[in-house]
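# Architecture at a glance
Chain by chain, the residues run as shown.
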Amino acid sequence: MKEKEEGLQKLYMEFQVLSQQIKQLENQNTALENQLMELMATNQSLEDMKKINNGTEILMPLSGGIYAKAELKDSNNFIVNVGSNLTVVKDLTSTKKLIETQVDELKKLQENTITELQKYTTKAAMLETEIN
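Described in the following lines is the structure provided in the data block. The shown structure was predicted, so the numbers you read here are calculated from the model rather than taken from an experiment. (Residues numbered from 1 in each chain as written. Predicted model: local features only at pLDDT ≥ 70, side-chain atom pairs only at ≥ 80, totals over all residues. Heavy atoms only, no water.)

## Let's talk about the overall build of the chain
When you go through the chain residue by residue, the secondary structure sums to 2 helices and 4 strands. Overall, the chain shows an N-to-C arrangement of helices and strands of α-β-β-β-β-α. For the chain, whose C-alpha radius of gyration is 24 Å, the value lies well above the compact-globule estimate of 14 Å for 132 residues. Principal axes of the C-alpha set define a box for the chain whose edges measure 80 × 30 × 25 Å. (Helix = DSSP H or I, 4+ residues; strand = E, 2+ residues; numbered from the N terminus. Rg over C-alpha atoms; globule rule 2.2 N^0.38 Å.)

Pasting the structure below:
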């Protein structure tokens, strides 16, 4: 009887660990989805820049829901952060390619996360059946 109880405890602990991992993967997937949506919006904004002439008054976002009026000086070149507070000037085409590369990388990462999530969920369901 005691062995059976210890076995159930072990299965239950394993189930708890899997549940935590599933939650972490779900949170990671949500974060990836948010980053993906942000990059796609950025890509669309870059596409829209093709239609805007230099000297046009635009709204420049400062923070969530706060904008400043600004005049566009150059609609074809962008200052891009490349890491470690280092920036470079890139033209519209290069900037769009950079964003598209990031989108592709995020999609691959999201696919891997979903695969792991499915694997853990299946294993957790099997453990739950075994516990019951």
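## Section: the environment of Lys10
Residue placement: Lys10 occurs in helix 1 (residues 2-49). The spatial distance from the C-alpha of Lys10 to the C-alpha of Ser45 is 53 Å, given a sequence separation of 35 residues.

## Observations concerning the packing of helix 1 against helix 2 (residues 92-131)
The interhelical angle for the contact between helix 1 and helix 2, taken along N-to-C directions, is 160°, at an axis separation of 8 Å. Comparing the axis directions of helix 1 and helix 2 gives the class roughly antiparallel. When you trace helix 1 past helix 2, the crossing you get is left-handed. Its residues assigned to classes, the contact of helix 1 with helix 2 shows 23 nonpolar, 11 polar and 11 charged. (Axes fitted to C-alpha atoms, helices over the stretch in contact; angles between N-to-C directions. Parallel < 35°, antiparallel > 145°, perpendicular 65-115°, else oblique. Left-handed = near helix turned anticlockwise from the far one by under 90°. Nonpolar A, V, L, I, M, F, W, Y, C, P; charged D, E, K, R; others polar.)

## Side note on the environment of Leu39
Among the secondary structure elements, Leu39 is positioned in helix 1. Beyond its immediate chain neighbours, meaning those up to four positions away, Leu39 contacts Ile99, Gln102, Val103 and Leu106. (Contact = heavy atoms within 4.5 Å.)

## Examining helix 2
End to end, helix 2 covers 57 Å across 40 residues, agreeing with the expected 58 Å (1.5 Å per residue, within 8%). Residues of helix 2 that are buried sit in contact with helix 1, strand 3 (77-83) and strand 4 (86-91). (Expected span 1.5 Å × (residues − 1).)

## A short note on unusual backbone geometry
For Ser84, which is not glycine, the phi dihedral falls at a positive 50°. Turning to its location among the elements, Ser84 is positioned in the loop between strand 3 and strand 4. The class for Ser84 is exposed, based on a relative accessible area of 76%. Even without being glycine, Asn85 reaches a positive phi, approximately 55°. Following the sequence through the fold, Asn85 ends up in the loop between strand 3 and strand 4. Taking the relative accessible area as the measure of exposure, Asn85 reaches 74% and is therefore exposed. (Buried < 20%, exposed > 50% of the residue type's maximum accessible area, 1.4 Å probe, protein only.)

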